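Per-entry structural report
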Amino acid sequence: MSPILIRALVIMFGLLIVASITIRVMSLCSPERDWTELRQRINTWWWIVIVFALAITTPRAISLTIFAIISFLALKEYLTLIPTRRTDHMPLLWAYIAIPIQYYWIGIEWYSMFLVFIPVYVFLFLPMRMVLIGNNKDFLHSASMLHWGVMTTVFAISHVAYLTVLPGKPETGPLLVIFLVVLTECNDIAQYLWGKSFGRIKVIPKVSPNKTLEGLVGGVMTTMFLAWLLGGVLTPLSGWESVLIGLLIGVTGFIGDVVMSAVKRDIGVKDSGKLLPGHGGILDRLDSLIYTAPLFFHVLYYLHY
Amino acid sequence: MNRLLRLLFVVLIAYPVVLAWLGVSVANRKRLPIKGPGIIIANHNSHLDLLTLLTLFPLSKVHLVHPAAAADYFLKNGWIAWFATRVVGIIPVVRGGDPKQSNPLAGCIQALQEGKILILFPEGTRGEPERLSEFKSGLWYLCQKFPEVPVTPVFMHGLGRAMGKGQWIPVPFFIDVYVDEPVYCHADKAVFISDLKQRFEVLQNNAQGRES
């Protein structure tokens, strides 16, 4: 492992240790308050960061398997939420089979196949498999919902994994993943904190009543600053490019967040699942990344590969 | 030997299918009996129901857990019969026979006397996914004989969707399991059955996020 990758991981685990100690001290100082949710949230962050660290430091086969499992859990959570037709038993299984195949293209670095496999081949194949069963009722509805799930949880998320196999020094990929994921998560947190402190003007009250213009602007500015700070260290991006990428991640992270909120509102649930105690489901954590990952990937690819 | 086979069955089949392929979250697992005799009653939509129930118990207790299952379905073929009785450990119940000649519940009675944990599906057969059918009265006859044995209702949500009747490959969905407070037998059959039915309906409403 390169020294810079080690340093980045040490910083991440350091922050977690600080957070865990802080929550311990705070719960000792005011034991009358209920700290369960915050403690759960931080405990889950430990798991997320451990899995994340494994995903970017292990050999390619293991690393891609971890990313594929993340897609699997996300697709499973999505399909558990939406109504599916009983007759679509086999098409649903085929949608799952797309996961190992998509990550296999990444493993052999077949870039053009990685790009078209889901938007073209899976897109055309799933309705064909559904039509063979011959159930016309809700056909379009079911096909669209299945496509939406595969595109977001498999295609979009697999862009994070493709970063790890981009050509360059061995640490290039992992550092790019750290840059993308840390910026996306920090953007979420920054928007929340800015909104909580200064938020007045609601952006889209019907979808997400807590989202404010102040939170959005403050969050995006923070993310742009962080991108400028980290861009030169972790990525091949120049100063200006980093700031623009920060803007992109800030804005599209917000969009991913509210789009997934709209999906949950449509279905009538608050959290997408219970997989990550304190956070909700895995989609609640990946929502921003669904937008930031492909966009970051393609801008980066256009500029430097 | 049977004990080893059952352990292997749970570790090599039930755990991977239920815990890794599907994924289960259990509410109130502590309400399950950890020692026999006990009766678990559950809704029945899929062959996966039994696999799921087996994963709820610690491995050291799995050999105590026995499902009552239809003799006409599971004993009709030599291989399936061997697998069902030796590996899964089913207690065969003869459906639709003449109760005067032989007691269909004899196996269940013996199991409870031996201090085992019995799994019963009071709906009898696998019904439509996520829909409860009428409860059979065998349960009441059985617990009349064992008034001190706790009857624990367990509601499983999503298994009929993962692999319903006629399907043989489970589709991955997250599954919810709800364990209710144990109940004891009531002298009036109708009261007992309708009370249990009501409990299941409450659990089902919770599972579907509706107000009960």
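Starting afresh in each chain, residues are numbered from 1 along the sequence in its written order. Think of it this way: whatever chain is written first is A, whatever ligand is written first is 1, and the rest follow in order. Residues qualify for local features only when their pLDDT is at least 70, as the model is predicted, and side-chain atom pairs are given and counted only at 80 or more; totals for whole chains, interfaces and linings, by contrast, use all residues. Side-chain measures here rest on the full set of heavy atoms in the structure, leaving out hydrogens and waters.

1. Regarding the interface of chain A and chain B
The following threshold applies: When checking whether two residues touch, look at their non-hydrogen atoms; a contact exists if any pair is within 4.5 Å. In this description, buried area is defined as the sum, over both parts, of the accessible area (probe of 1.4 Å) that is lost when the two are combined. Throughout this description, the term salt bridge denotes a Lys or Arg side-chain nitrogen within 4 Å of a carboxyl oxygen of Asp or Glu. Whenever a nitrogen or oxygen atom comes within 3.5 Å of another N or O atom, the pair is scored as a polar contact, on the condition that within protein one atom can donate a hydrogen and the other can accept it, and that pairs from neighbouring residues in sequence are kept only if both atoms are in side chains. For the purposes of this entry, the term helix denotes a DSSP run of H or I that reaches at least four residues, the term strand denotes a run of E that reaches at least two, and both are numbered from the N terminus. Throughout, the ten residues Ala, Val, Leu, Ile, Met, Phe, Trp, Tyr, Cys and Pro are labelled nonpolar, Asp, Glu, Lys and Arg are labelled charged, and all others, Gly among them, are labelled polar.
In this assembly, 16 residues from chain A lie in contact with 21 residues from chain B. Here chain A meets chain B over a buried area of about 1,400 Å², counting both sides, of which 60% is carbon and sulfur. Together, Lys76(A), Arg86(A) and His89(A) form the three largest contributors to the area buried by chain A at its contact with chain B, with a combined 41%. Where chain A meets chain B, there are one salt bridge. Summed over the shared surface of chain A and chain B, the number is 13 residue pairs in polar contact (both at pLDDT 80 or more). Looking at the side of chain A that touches chain B, the elements that each hand over two or more residues are α3 (60-81) and α4 (89-107) of chain A. The class makeup of the residues in the side of chain A that touches chain B is nine nonpolar, three polar and four charged.

2. What to know about the sheet that holds strand β6 (residues 151-157) of chain B
Residues and elements named next belong to chain B. Which entries qualify depends on this criterion: Two strands qualify as a pair provided that DSSP identifies no fewer than 2 bridges between them. Think of each axis as a best-fit line through the C-alpha atoms, taken over the contacting stretch in the case of a helix, with angles from 0 to 180 degrees between the N-to-C directions.
Within the open sheet, the seven strands sit side by side as β1-β7-β6-β2-β5-β3-β4. Their pairing is mixed. What marks the edges here is a single partner per strand, and that holds for β1 (24-27) and β4 (91-93). For this sheet, the mean inter-axis angle between neighbouring strands, taken without regard to orientation, is 25°.

3. What to know about the side chain of Ser272(A)
When you line up the elements, Ser272(A) lands in the loop between α9 (239-267) and α10 (282-304). In this view, Ser272(A) contacts Glu77(A), Leu81(A), Lys264(A), Gly281(A), Ile282(A), Leu283(A) and Asp284(A); residues no more than four positions away in its chain are not counted.

4. A word on empty space enclosed by the protein
All names here are of chain A. Test applied: Here a cavity denotes a set of grid points, spaced 1 Å apart and computed over the protein atoms alone, in which a 1.4 Å probe fits but from which it cannot get out, and a pocket denotes an open set meeting protein on both sides within 12 Å along at least five of seven lines; residues with an atom within 4 Å of a point are reported as lining. Grid points are joined across faces, edges and corners, and a volume is the space filled by probe spheres set on the points.
Following the criterion strictly, the structure yields two cavities of 30 Å³ or more and no others. Quantified by volume, the largest cavity comes out at close to 60 Å³. Forming the walls of the largest cavity are Ile-82, Pro-83, Thr-84, Arg-85, Asp-88, Leu-92, Ser-142, Met-145 and Leu-146. Top element by residues in the lining of the largest cavity is helix α6 (residues 139-164). It accounts for three residues. Of the residues belonging to the lining of the largest cavity, the class tally is five nonpolar, two polar and two charged. Of all the elements in the fold, those that place two or more residues in the lining of the second largest cavity are α3 and α9. Here the lining of the second largest cavity gets three residues from one element, more than from any other, and that element is α9. Partitioning the lining of the second largest cavity into residue classes produces five nonpolar, one polar and one charged.

5. As for the confidence of the model for chain B
Filter applied, for reference: As a per-residue measure, pLDDT tells how confident the predictor is, with possible values from 0 to 100.
Per-chain confidence: chain B averages 88 in pLDDT, with 95% of residues scoring 70 or above. Interface scoring of the predicted complex returns ipTM 0.90; its pTM is 0.93.

6. Digging into the packing of aromatic side chains
Defined as follows: Only rings of Phe, Tyr and Trp enter the pairing, Trp through its six-membered ring, and a pair is recorded when the two centres are within 6.5 Å. The plane angle decides the type: under 30 degrees is stacked, over 60 is edge-to-face, the rest tilted. A ring has a charge above it when a Lys NZ or an Arg CZ is no more than 6 Å from the ring centre and no more than 35 degrees off the ring normal.
Overall, the coordinates contain 25 aromatic pairs over all chains when judged by the stated rule. Feature note: the residues Tyr111(A), Phe114(A), Phe155(A), Tyr162(A), Phe297(A), Tyr301(A) and Tyr305(A) constitute an aromatic cluster, connected by ring pairs. The ring of Phe174(B) carries the charged tip of Lys76(A) above its face, separated from the ring centre by 4.6 Å. Above the ring of Phe135(B), the side-chain terminus of Lys197(B) is found at 6.0 Å from the ring centroid.

7. Examining unusual backbone geometry
Note the cut-off: For every residue, the accessible area obtained with a 1.4 Å probe (protein chains only) is divided by the maximum for its type, and the residue is called buried under 20%, exposed over 50%, and partly exposed between those limits.
Despite not being glycine, Glu109(A) shows a phi value in the positive range, around 55°. Structurally, the position occupied by Glu109(A) is in the loop between α4 and α5 (111-133). In this structure, Asn28(B) takes a positive phi of about 65° despite not being glycine. In this structure, Asn28(B) sits in the loop between β1 and β2 (38-42). Using a relative accessible area of 38% as the deciding quantity, one classes Asn28(B) as partly exposed.

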